[in-house]
Amino acid sequence: MISILFINGDPAHQMLAKIYLERSGGAAVTTAGRAGEALALLKAQAFDAVVTDYFLPDVDGAAFIAGIRSRWERLPVIVFSVWDRHEIGEEASAAGADALVHIGGMPIPLYQGLLAEIRAQVRRSTAGHL
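All values derive from a computational prediction rather than experimental measurement.

Visitor: Any details on the pairing of strand β4 (residues 77-81)? Residues and values, ideally.
Guide: The side chains of a regular strand alternate between the sheet's two faces. The element β4 is extensively covered by neighbouring structure, given that five of its five residues are classed as buried. Of the two faces of β4, the one lined by V77, V79 and S81 and the one lined by I78 and F80 are each fully buried. Taken together, the three bridges between strand β3 (residues 49-52) and β4 define a ladder with parallel strand orientation. Bridged to V50 within β4 is V77. The parallel pair β3 and β4, bridged by helix α3 (residues 61-71), forms a crossover whose chirality is right-handed.

Visitor: Lay out the sheet that holds strand β1 (residues 2-7) with the relevant residues and their values.
Guide: Judged by pairing direction, the sheet is parallel, and its five strands sit side by side in the order β2-β1-β3-β4-β5 without closing on themselves. The two strands at the open ends of the sheet, each matched to only one other strand, are β2 (27-32) and β5 (99-102). Mean inter-strand twist for the sheet, computed between neighbouring axes without regard to direction, equals 25 degrees. Taken strand by strand, helix α1 (residues 11-23) contacts β1, β2 and β4, and its axis lies near 170 degrees from that of β2. Packing against the sheet, helix α2 (residues 35-44) makes contact with β1, β2 and β3, and its axis sits at approximately 135 degrees to β2.

Visitor: Tell me about the nonpolar core, and please be specific about residues and values.
Guide: Membership of the largest hydrophobic core comes to 23 residues, with the highest contact counts inside it found for L5, I7, L42, I65 and I68. Of all the elements in the fold, those that place two or more residues in this core are β1, α2, α3, β4 and α4 (85-95). Membership of the second largest hydrophobic core comes to 20 residues, among which are F80, I103, L114 and I118.

Visitor: With reference to specific residues and values, describe the side chain of D53.
Guide: Mapped onto the elements of the fold, D53 is located in the loop between β3 and α3. Despite its burial, D53 pairs with no opposite charge; the closest candidate is R34, at 11 Å N-O. Among the polar contacts made by the side chain of D53, one reaches the main-chain amide nitrogen of F55 at a distance of 3.2 Å. Dropping the residues within four chain positions of it, D53 is found in contact with I7, N8, F80 and S81.

Visitor: Hey, could you go over α1 for me, with residue numbers and the actual values?
Guide: Its 13 residues give α1 an end-to-end C-alpha distance of 18 Å, which sits within 8% of 18 Å, the value for a rise of 1.5 Å per residue. In this structure, the buried side of α1 is in contact with β1, β2, β4 and α5 (107-126). After α1 finishes, the residue G25 shows a positive phi value of roughly 95 degrees.

Conventions and cut-offs
- Residues numbered from 1 in each chain as written.
- Predicted model: local features only at pLDDT ≥ 70, side-chain atom pairs only at ≥ 80, totals over all residues.
- Heavy atoms only, no water.
- Buried < 20%, exposed > 50% of the residue type's maximum accessible area, 1.4 Å probe, protein only.
- Helix = DSSP H or I, 4+ residues; strand = E, 2+ residues; numbered from the N terminus.
- Pairing = 2+ DSSP bridges.
- Right-handed = clockwise from strand over helix to strand, strands pointing away.
- Axes fitted to C-alpha atoms, helices over the stretch in contact; angles between N-to-C directions.
- Contact = heavy atoms within 4.5 Å.
- Core = buried A, V, L, I, M, F, W, Y, C linked by side-chain atoms within 4.5 Å.
- Lys, Arg positive; Asp, Glu negative; His and termini not counted.
- Salt bridge = Lys/Arg side-chain N within 4 Å of Asp/Glu carboxyl O.
- Polar contact = N/O pair within 3.5 Å; in protein donor to acceptor, adjacent residues only side chain to side chain.
- Expected span 1.5 Å × (residues − 1).

Written out as structure tokens, the structure reads:
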């Protein structure tokens, strides 16, 4: 089972992500609404991947990603956000994001695509450590 920390400031979006990702099978989702809460969770328990919105209420997205990357080098960080590739794509990648998934479209295919990306990133992060 893949353990995912899902960070988004909207409680409704957190609930939807938890439902869709867990019902898709093979995922356990913990949610957080703020970067500070997410960092406390990361320090308290191990996760296989982090999925975060770029636009969090308490921190700049690039700074948050860079902070995760500086402490947890191999932990996959996936940005799942409404964004314009030109606006944040380069910033998120430069900060250390492993993948960017655009929020849009119908929920079931959207979350299936997100889960596929999470699985791919987790496989990459553990490839040399099995």
